[in-house]
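Letter by letter, the chains look like this.
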Amino acid sequence: PEPENIPDRKKWEESVQAIRARVVNVMKRWVESSSLDISEKLRHVLRSFAQNKVGKQDQKLARSLLGAIDRSFQQKAVQHTQTPPEPKVPRNICSPALSWEHIDEEEIGRQLTLVDFADFSAIRPAELMDLAWSKALLKHRAEHVDHMAKRFNNVSLWCTERILEKDQARDRAAAMTKLIKLATYLLSINNFNLALAVLAGLNESSASRLKITRSMLTQPTQQLLLELEKIFQTDDNHGNFRTALRSANLPCLPYLGYFLSVLTFIEDGNPNEIRGLVNVQKRVLVSETILTLQQYQQIGYNFHPVPQIQKLFSRNFSENETKKIKDALWVRSRQVEPQIKQ
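Residues numbered from 1 in each chain as written. Predicted model: local features only at pLDDT ≥ 70, side-chain atom pairs only at ≥ 80, totals over all residues. Heavy atoms only, no water.

Here we look at the overall build of the protein chain
When its secondary structure is counted, the protein chain shows 15 helices and two strands. For the protein chain, whose C-alpha radius of gyration is 26 Å, the value lies well above the compact-globule estimate of 20 Å for 342 residues. A principal-axis box enclosing the C-alpha atoms of the protein chain has dimensions of 100 × 60 × 40 Å. Of all 342 residues assigned to the protein chain, the portion counted as buried reaches 43%. Long-range contacts, defined as pairs at least 24 residues apart, comprise 72% of the intrachain contacts of the protein chain with a sequence gap of at least 6. Carbon and sulfur atoms make up 53% of the accessible area of the protein chain, which amounts to about 19900 Å² in all. Between the centroid of the 48 positive side chains of the protein chain and the centroid of its 39 negative side chains there is a distance of 1 Å. (Helix = DSSP H or I, 4+ residues; strand = E, 2+ residues; numbered from the N terminus. Rg over C-alpha atoms; globule rule 2.2 N^0.38 Å. Buried < 20%, exposed > 50% of the residue type's maximum accessible area, 1.4 Å probe, protein only. Contact = heavy atoms within 4.5 Å. Areas by Shrake-Rupley, 256 points an atom, 1.4 Å probe, with all protein chains shown as cover. Lys, Arg positive; Asp, Glu negative; His and termini not counted. Charge placed at Lys NZ, Arg CZ, Asp CG, Glu CD.)

Structure follows, in structure tokens:
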């Protein structure tokens, strides 16, 4: 609002205009230099401010700010020039009876990847600072990290369920084979995150103890499983995974848990201050880790979304539900293959 009794209105208006221009310039620089740290929700807030607040006073400044906002978000979205592959959908794709067994492993992998990459590409630097994802008071800052962690666990649990829902060993072996092929395909498109989630489901204690079932896997399938396990060995600080990640081309979805472990190690192993001064080296290590992760966010996967398939994998369990299901799966495992007394 205008103050009353302005002695020199022209001078006052010039001063207000100069302040308004400086504010807009600061906002432009912020948007242009930190676009990855600005959510879609905040983008709408900024556009509303530019249109409804700045625009009422100065259309030229408003257009300048809106242009900076739009350019920064266009840079985040890389447009694919090639036509995506045709989806491998079954004839009963629209049937209520659609099952994962009807769908090609490649198409399952594509649809899981699209969903997971949407969250991965939306992760902002603030979500990875101060171990926000692991602290109750800060967890609201790490929405997309939390989504990915829950999906990893849900996919893993889903895989174990698909094995143990079968009564016959040969059917459980067929389910295992399909899951191993799924993990292998995910690895072939550089989706390390979900490849490991599927492998974790195969190696869940209630599934890994099924010796009769595993003995029915063909030799080539067993070899694929060994290759998957080799890549995700934890020896040498995940050495095989790090080597595979370095040689992977974009698009790529790295195993997020590895980067969270690195950030935890940096945070817990280094003080924030040294002799009363900010520990700059710690900040550099955190920054380098986040920048490494950000390079994989730049190019997404070029697949057609198939909502009917994505819906099959959209279940979300609470921690309490997950525990109950795992307990039930263990009981089920002992029923279908009782422990042989030595």
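That covers the picture; the talk isn't over yet.
Section: helix α13 (residues 280–295)
Relative to the 22 Å expected for 16 residues at 1.5 Å per residue, α13 spans 23 Å between its end C-alpha atoms, a close match to the ideal helical length. Listing the buried residues of α13 in full gives Lys282, Val286, Thr289, Ile290, Leu293 and Gln294. All buried residues of α13 lie within an arc of 140° about the axis, which places them on one face of the element. Those residues of α13 that are exposed and angled more than 90 degrees off the buried face are Val280 and Leu291. Elements in contact with the buried residues of α13: α4 (105–122) and α12 (256–269). (Expected span 1.5 Å × (residues − 1). Arc of directions from axis to C-beta.)

Focus on a nonpolar patch on the surface
Together, Val278, Val280 and Val284 give the surface a local cluster of nonpolar side chains, amounting to about 240 Å² of exposed area. Relative to the helices and strands, Val278 is located in strand β2 (residues 277–278). Val278 gets classed as exposed once you look at its relative accessible area, which sits at 52%. (Patch = residues over 30% accessible without salt bridge, like charges linked within 9 Å, V, L, I, M, F, W, Y side chains within 5 Å. Salt bridge = Lys/Arg side-chain N within 4 Å of Asp/Glu carboxyl O.)

A closer look at the pattern of salt bridges
All told, the structure shown has 21 salt bridges when counted by the stated rule. In this structure, Glu161 and Arg315 form a salt bridge, with 2.4 Å as the shortest nitrogen-oxygen distance. Of this pair, Glu161 sits in helix α5 (residues 143–164) while Arg315 sits in the loop between α14 (307–312) and α15 (319–336), and the two are 154 residues apart along the sequence. Arg332 is the partner of Asp167 in a salt bridge, and the nearest nitrogen-oxygen pair spans 2.6 Å. Here the residue Asp167 occupies a position in the loop between α5 and α6 (169–188), and Arg332 occupies one in helix α15, the gap between them amounting to 165 residues. Several salt bridges converge on common partners, so that one network encompasses Lys88, Glu106, Glu107 and Arg110.

Structural notes on the environment of Glu40
Relative to the assigned elements, Glu40 resides in helix α2 (residues 40–57). Distance from Glu40 to Ala122, taken between C-alpha atoms, is 8.9 Å for residues 82 residues apart in sequence.

Notes on the environment of His147
Summarising the element assignment, His147 is placed in helix α5. The exposure class of His147 is partly exposed, given its relative accessible area of 32%. As a C-alpha pair, His147 and Ser333 span 186 residues in sequence and 29 Å in three-dimensional space.

Topic: the packing of α6 against helix α7 (residues 192–202)
It is at 8 Å that the axes of α6 and α7 come closest, and there the two elements cross at 160°. With respect to each other, α6 and α7 are oriented roughly antiparallel. Note on packing geometry: the crossing formed by α6 with α7 is left-handed. Contact with α6, carried on its side by Met176, Leu179, Ile180, Leu182, Ala183, Leu186 and Leu187, involves Phe192, Leu194, Ala195, Val198 and Leu202 of α7 and no other residues of that element. (Axes fitted to C-alpha atoms, helices over the stretch in contact; angles between N-to-C directions. Parallel < 35°, antiparallel > 145°, perpendicular 65-115°, else oblique. Left-handed = near helix turned anticlockwise from the far one by under 90°.)

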